[in-house]
Amino acid sequence: MTVDTLADSDVMIVVGASLNEWTTHFGKILENGKKIIQIDDRSDAFGWFARVTVGLDADAKAAVAALLDRLREDGKPSRQPDAETAQKIKQWKPPAVSFDDGKS
């Protein structure tokens, strides 16, 4: 579900994370040419694994706080997921993992 949602998005804001084959589901979430905004305190992280549209060299907490403040300035209410999506999120449970130690 998450991979499909990210793959369908137009923009991703990546905060303090690399965009390697593991975090991009082997590139699946980057396939549609979406714009990527990457926030990291290491400027050498930008574009290392994937093309970024904007690389913002900043502390993650400060940058996200400033971004949220800026978004609130327009006076529009924040967008919320539709009721069906919200219900799916609330009901989702991680799959049970069972390990066999080889002893019978």
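Just above sits the structure.
Residues numbered from 1 in each chain as written. Predicted model: local features only at pLDDT ≥ 70, side-chain atom pairs only at ≥ 80, totals over all residues. Heavy atoms only, no water.

A.B. asks: Looking at this structure, how should I read helix α3 (residues 83–91)?
C.D. replies: Side chains three or four residues apart in an α-helix point the same way, a direct result of the helix having 3.6 residues per turn. The buried count for α3 comes to zero of nine residues, which makes it a mostly uncovered element. Where α3 starts, the residue carrying a side-chain oxygen 3.1 Å from the main-chain nitrogen of Glu-84 turns out to be Asp-82. (Buried < 20%, exposed > 50% of the residue type's maximum accessible area, 1.4 Å probe, protein only. Helix = DSSP H or I, 4+ residues; strand = E, 2+ residues; numbered from the N terminus. Polar contact = N/O pair within 3.5 Å; in protein donor to acceptor, adjacent residues only side chain to side chain.)

A.B. asks: I would appreciate a short explanation of the nonpolar core in the present structure.
C.D. replies: One broad trend across soluble globular proteins is that nonpolar side chains are buried collectively. Judged by nonpolar contacts, Met-12, Val-14, Leu-19, Ile-29, Leu-30, Ile-36, Ala-50 and Val-52 together constitute the single largest core of eight residues. Those residues in contact with Ile-36, other than ones at most four positions away along the chain, are Met-12, Val-14, Leu-19, Leu-30, Arg-51, Val-52, Thr-53 and Val-54. (Core = buried A, V, L, I, M, F, W, Y, C linked by side-chain atoms within 4.5 Å. Contact = heavy atoms within 4.5 Å.)

A.B. asks: Could you clarify how one ought to interpret the sheet that holds strand β1 (residues 11–15) in this entry?
C.D. replies: Sheet strands pair via backbone hydrogen bonds, and the direction of the pair is either parallel or antiparallel. Strand order across the open sheet formed by three strands is β1-β2-β3, with parallel pairing between neighbours. On the outer flanks of this sheet lie β1 and β3 (54–57), each paired with one strand and no other. For this sheet the average axis-to-axis angle between neighbouring strands, irrespective of direction, equals 10°. As defined by bridge partners, strand β2 (residues 35–40) adjoins β3 across four bridges and the pair is classed as parallel. Residue pairing for β3: Gln-38 is matched across the bridge by Gly-55. With respect to the sheet, helix α2 (residues 60–72) is in contact with β1, β2 and β3, its orientation differing from that of β1 by roughly 145°. (Pairing = 2+ DSSP bridges. Axes fitted to C-alpha atoms, helices over the stretch in contact; angles between N-to-C directions.)

By themselves, these observations are geometric and do not establish any function.
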